[in-house]
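Chains, contacts and geometry: an overview
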Amino acid sequence: MKLSGGVEWALHCCVVLTAATDPVPAARLAELHDVSGSYLAKQLQALSRAGLVHSVQGKSGGYVLTRPAAEITLLDVVQAVDGPRPAFVCTEIRQRGPLATPPEQCVRACPITRAMAGAEAAWRAALQAVTIADLARDVTEDSGPDALPAVAAWLAGPPSLPTA
């Protein structure tokens, strides 16, 4: 399964938002991740359309998660950014060419489609089983108990000044 780069950025933003106590501006998230603000804004808009984050307007506005991190799965984020389409779409190749199988004999999906559907179901189940809270916990385990609090402190601080 190939995912867009936007999925990675969206997942990172969701994990970061678990540490934030106030709404986080898109520009601040872009700065934290050293990514283009316009590129990240597209991912945040996708998360917003899917109801995973909410944009708070105003001077102290920004993005917040719409529900507890334990209720947002990796599959939710993947589908928000890349859509719900299946990775494999059968085009019924077996019904083409000089030895084509007549459509009336194709009473069940071909073995290739069944295998690909099974793989996709397993992949989606695996993504459904992991939440943003699980990722935040893993960041803490991997990087130490100060990692996310340090991110929260950085987010709450003044924006960095551009360097000349």
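Just above sits the structure.
Remember, it's a predicted structure, so these values are computed and weren't measured experimentally. (Residues numbered from 1 in each chain as written. Predicted model: local features only at pLDDT ≥ 70, side-chain atom pairs only at ≥ 80, totals over all residues. Heavy atoms only, no water.)

1. Describing unusual backbone geometry
Notably, Asp 34 is not glycine yet its phi reads approximately 55 degrees, a positive angle. Here Asp 34 lies in the loop between helix H2 (26–33) and helix H3 (37–49). On the basis of relative accessibility, which here comes to 72%, the residue Asp 34 falls in the exposed class. Even without glycine at this site, Glu 92 takes up a positive phi of about 55 degrees. (Helix = DSSP H or I, 4+ residues; strand = E, 2+ residues; numbered from the N terminus. Buried < 20%, exposed > 50% of the residue type's maximum accessible area, 1.4 Å probe, protein only.)

2. Points about the pattern of salt bridges
Tallied over the full model, the rule gives 7 salt bridges. The salt bridge partner of Asp 76 is Arg 67, with a shortest N-O separation of 3.4 Å. In this structure, Glu 92 and Arg 94 form a salt bridge, with 2.7 Å as the shortest nitrogen-oxygen distance. For Arg 94, a relative accessible area of 24% corresponds to the partly exposed category. If you follow the salt bridges from partner to partner, you end up with Asp 134, Arg 137, Asp 138 and Glu 141 in one network. (Salt bridge = Lys/Arg side-chain N within 4 Å of Asp/Glu carboxyl O.)

3. With respect to the environment of Ala 19
Among the secondary structure elements, Ala 19 is positioned in helix H1 (residues 5–19). A sequence separation of 133 residues divides Ala 19 from Ala 152, and the C-alpha atoms of the two residues are 5.2 Å apart. Leaving out residues up to four positions away in the same chain, Ala 19 has contacts with Leu 148 and Ala 152. (Contact = heavy atoms within 4.5 Å.)

4. Details of helix H6 (residues 132–143)
Taking 1.5 Å of rise per residue, 12 residues should cover 16 Å, and H6 covers 16 Å from first to last C-alpha, within 8% of that figure. The N-capping residue of H6, defined by a side-chain oxygen 3.3 Å from the backbone nitrogen of Ala 133, is Thr 131. (Expected span 1.5 Å × (residues − 1). Polar contact = N/O pair within 3.5 Å; in protein donor to acceptor, adjacent residues only side chain to side chain.)

5. Focus on the side chain of Arg 124
Topologically, Arg 124 is positioned in helix H5 (residues 111–128). One polar contact links the side chain of Arg 124 to the main-chain carbonyl oxygen of Arg 85, over a distance of 3.0 Å. Residue contacts for Arg 124: discarding those within four places in its chain leaves Leu 75, Gln 79, Pro 84, Arg 85 and Pro 86.

6. Concerning the packing of H2 against helix H7 (residues 147–156)
Where H2 contacts H7, the two axes come as close as 10 Å, and the packing angle between them is 130 degrees. As far as their axial angle goes, H7 and H2 are oblique. Note that H2 runs across H7; the crossing there is right-handed. On the side of H2, the interface is formed by Arg 28, Glu 31 and Leu 32, while H7 contributes Val 151, Trp 154 and Leu 155. (Axes fitted to C-alpha atoms, helices over the stretch in contact; angles between N-to-C directions. Parallel < 35°, antiparallel > 145°, perpendicular 65-115°, else oblique. Left-handed = near helix turned anticlockwise from the far one by under 90°.)

7. Quick look at the state of the cysteines
Enumeration according to the criterion identifies 0 disulfides in this entry. Not part of a disulfide, Cys 90 finds its nearest cysteine sulfur in Cys 110, a span of 4.7 Å. We classify Cys 90 as partly exposed; its relative accessible area is 29%. Left unpaired, Cys 106 is separated from the closest cysteine sulfur, that of Cys 110, by 8.5 Å. (Disulfide = S-S within 2.5 Å.)

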